[in-house]
Amino acid sequence: MTPGQLMKRVRFLLAVAICLLPITKAFSAGAPMPVAHLALYQGGDREKLLVEGAKREGQFTLYTSHTWFRTLVKDFEKKYPFTKVSEWRNDSKNLIRKVLEESKSGRILVDVVETTADGMGVMKREGLFQEYYSPQARYYPNELKPRGKNGFFYLPDRETYNSLGFNTSLVPPVAAPRSLKDLIDPKWKGKMAITSTSTGVRWIGNALDTLGREYLEKMADQEVSVQDMAPAALIGLIGSGEIPMSPTIFDANVTIAKQKGSPVEWRPLEPVVTTVGSSALMVKAPNPYTALLFIDFLLSKEGQQLIMKGGLWSPREDIGSLDQKFKKSYLDEKYSLEELEAKFTQWENLLRQLFIRKR
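So, how was this worked out
Residue numbers here run from 1 along each chain, matching the order of that chain's written sequence. Two thresholds apply to this predicted model, a pLDDT of at least 70 for residue-level local features and 80 or more for giving and counting side-chain atom pairs, whereas whole-chain, interface and lining totals are computed over all residues. For side-chain calculations, the full set of non-hydrogen atoms in the structure is used, while hydrogens and water are omitted. We treat two strands as partners when DSSP finds at least two bridges between them. Numbering of helices and strands runs from the N terminus; a helix is a DSSP stretch of H or I covering at least four residues, while a strand is a stretch of E covering at least two. Whether a crossover is right-handed depends on one test, that the path from the first strand over the helix to the second runs clockwise when the strands point away from the viewer. For each residue, the accessible area found with a 1.4 Å probe, counting protein chains only, is set against the maximum for its type, and the residue is called buried under 20%, exposed over 50%, and partly exposed in between. Note: the arc covers the axis-to-C-beta directions of the helix. Here a residue-residue contact requires only that any non-hydrogen atoms of the pair lie within 4.5 Å. We define a salt bridge as a side-chain nitrogen of Lys or Arg found within 4 Å of a carboxyl oxygen belonging to Asp or Glu. Throughout, nonpolar core names a set of buried Ala, Val, Leu, Ile, Met, Phe, Trp, Tyr and Cys residues whose side chains join them through atoms within 4.5 Å.

What follows is about the pairing of strand E2 (residues 84–89). Where strand E1 (residues 59–64) lies against E2, 6 bridges are found, and the strand directions are parallel. Across the sheet, the residue bridging to Gln59 is Lys84, located in E2. Taken together, E1, helix H4 (residues 69–79) and E2 form a β-α-β motif whose crossover is right-handed.

Following this line, the structure appears as structure tokens:
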């Protein structure tokens, strides 16, 4: 090799080394990875990598539509005492609005978004979610794991059932309604409430699909009050006796209320509206290491057992939850996102026309 050829070869190798330097640096043990690479990382040192990164970040922000996560994040902080969780909770509709507004303003404040399929679908369509990998994903049903090119857009972490919650002092269990049709019995006139949140909208949709418009009109004649609050708050009014019962209460709401001594009970009126909550990582998550560490914790057997302590049910297939012996209605999975959006508009209009304006 001539001196000129040798010099050319040295220059070539130097150029290759310079090109590879950013990649090598990004994946070195001590340097942060780009979010897109980190989210899909499957190396054997993944947990160690996330823990070390989370120690540097020291925090992450969660937006969720379920109250139990306020308890769950405390358990996460106990396991990883070097982290601090900022948790914001609201109805799915308000959560979507907040995330979209922040995204449009260019200010991404949230790391992990946790809510039901309707909201997840909207945010996924807007390109807000980073595909990610979790070693826990294999324990969950494929139909609940929307795939991207390299990972998942979100993974399921809870299943909830929405039906009849009632005050046992005012409505003895032996006399409480046992079907949707029982709700239109004249003896329940003026004794019911429904929530105006997305939970109430789903109940309208389920009743419409099951029993038709005529049934909803008969329900409207029952002088049902509409409460602008989540079921978790509505169960408080039921427990205090201000409202005898509501068909828009989650079984988890009743479980928690009963633990506090409230005289309430829950009963499935078939088909029971069933919703699945899932977790997603934001594309520009400010604290991706801690966010992914939390998602792995949430989806783990330990995390799902904590979920069930809150009265929720786990979609994880190896948990061994008792099979619920009632017919379920998966409205969010029944329709495509576009169909569901059109349906939600229709159901919201019916809620206003039959139950709000009529009052």
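After presenting the structure, the write-up continues.
The next thing to look at is helix H12 (residues 301–309). Looking only at H12, the buried set comprises Gly303, Gln304, Leu306 and Ile307. Looking down the long axis of H12, one finds its buried residues gathered within 155° of arc, a one-sided arrangement. Turning to H12, the residues buried within the fold contact H4, strand E5 (155–167) and helix H11 (288–299). Immediately beyond the C-terminal end of H12, within one or two residues, lies Gly311, with a positive phi of roughly 85°.

Bringing the pairing of strand E3 (residues 112–116) into the picture now. Where a strand is regular, its side chains alternate between the two sheet faces. Here E3 lies mainly inside the structure; 5 of its 5 residues are buried. Summarising the sheet, E3 and strand E10 (residues 272–282) pair through 5 bridges and their orientation is antiparallel. By the bridge assignment, Thr116 is partnered in E10 with Gly277.

Moving on: unusual backbone geometry. For the peptide bond that leads from Glu270 to Pro271, omega is -10°, which places it in the cis range. Along the polypeptide, Pro271 turns up in the loop between strand E9 (264–267) and E10. In this model, Glu223 sits at a positive phi of 55°, which is unusual for a non-glycine residue. Inspection of the secondary structure puts Glu223 in the loop between helix H8 (213–220) and strand E7 (225–227). Since its relative accessible area comes to 41%, Glu223 is described here as partly exposed.

Inspection of every chain in the model, using the stated rule, returns 18 salt bridges. Residue Arg70 is joined to Glu87 by a salt bridge in which the shortest nitrogen-to-oxygen separation is 3.6 Å. With a gap of 17 residues between them, Arg70 in helix H4 and Glu87 in strand E2 connect regions that are remote in the sequence. A relative accessible area of 45% places Arg70 in the partly exposed class. Accessibility expressed as a relative area gives 23% for Glu87, which makes it partly exposed. One salt bridge in this structure joins Lys218 and Glu214, with 3.6 Å as the shortest N-O distance. On the criterion of helical spacing, the pair formed by Lys218 and Glu214 is a turn pair, its members being 4 residues apart in helix H8. Relative accessible area serves as the criterion here: at 40%, Lys218 is assigned to the partly exposed category. For Glu214, a relative accessible area of 51% gives the class exposed. Each of Glu114, Asp157 and Arg158 takes part in salt bridges that share partners, so that together they form one network.

A general trend in soluble globular proteins is that nonpolar side chains are found buried together. Core analysis: the biggest nonpolar cluster contains 56 residues, and Val113, Met123, Phe129, Leu281 and Phe294 have the highest contact counts within it. Looking at this core element by element, the count peaks at 9 residues for H11. Counting 30 residues, the second-largest nonpolar core is a separate cluster that includes Phe166, Ala176, Tyr215 and Ala220.

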